[in-house]
Amino acid sequence: MGVRDPPLSQQHECNISPSFASPAAAETTTVMVKSFFLAMVQYPEVQRKAQAEIDAVIGPDRLPTYEDKASLPYVEALVREVHRWNPAVPGGKWMVSTIRTT
């Protein structure tokens, strides 16, 4: 029998976890930002309409906050459409195991 490593403390696990998640998160974020820019270049009228909605709701003096989300239905629909149009996840769906593993 081999020697087992001692269990990790909760703090140590918290320090390690982001290092595994960040490459995947960075990749999906990059794909979505590139898709958004591509869509805005292809459909400048959509960009103008989204900007007009932001200007009307937010104004020139501040950045949008989460509380503004309900007041920006066109921008919300635009974000959802970019995700639908060019999903960062293969097949547009998260992969889920169909076999019980526990």
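Going by the structure above, here's the rest.
The following refers to the structure shown. (Residues numbered from 1 in each chain as written. Predicted model: local features only at pLDDT ≥ 70, side-chain atom pairs only at ≥ 80, totals over all residues. Heavy atoms only, no water.)

The next subject is the layout of surface pockets. For the largest pocket, the calculated volume is near 230 Å³. Considering the residues around the largest pocket, the lining is formed by 13 residues, among which Phe36, Met40, Val75, Leu78 and Val79 are closest to the centre. Here the element with the most residues in the lining of the largest pocket is helix α3 (residues 73–85); it accounts for 5 residues. There is about 170 Å³ of room inside the second largest pocket. Considering the residues around the second largest pocket, the lining is formed by Ala39, Met40, Tyr43, Val46, Tyr74, Ala77, Leu78, Glu81, Val82 and Trp85. Looking at the lining of the second largest pocket, the elements that each hand over two or more residues are α1 (10–42) and α3. Top contributing element to the lining of the second largest pocket by residue count: α3, with 6 residues. Among the residues making up the lining of the second largest pocket, the classes are represented as 9 nonpolar, no polar and 1 charged. (1 Å grid on protein atoms, 1.4 Å probe; cavity = no way out; pocket = protein on both sides within 12 Å on 5 of 7 lines; lining within 4 Å. Points joined across faces, edges and corners; volume = space filled by probe spheres on them. Helix = DSSP H or I, 4+ residues; strand = E, 2+ residues; numbered from the N terminus. Nonpolar A, V, L, I, M, F, W, Y, C, P; charged D, E, K, R; others polar.)

On to the side chain of Asp68. Its place among the elements puts Asp68 in the loop between α2 (44–57) and α3. Residue class for Asp68 comes out buried when judged on its relative accessible area of 9%. At 2.8 Å, the side chain of Asp68 and the side chain of Arg62 are in polar contact. Residues in contact with Asp68, not counting those within four places in the same chain, are Ile58, Arg62 and Leu63. (Buried < 20%, exposed > 50% of the residue type's maximum accessible area, 1.4 Å probe, protein only. Polar contact = N/O pair within 3.5 Å; in protein donor to acceptor, adjacent residues only side chain to side chain. Contact = heavy atoms within 4.5 Å.)

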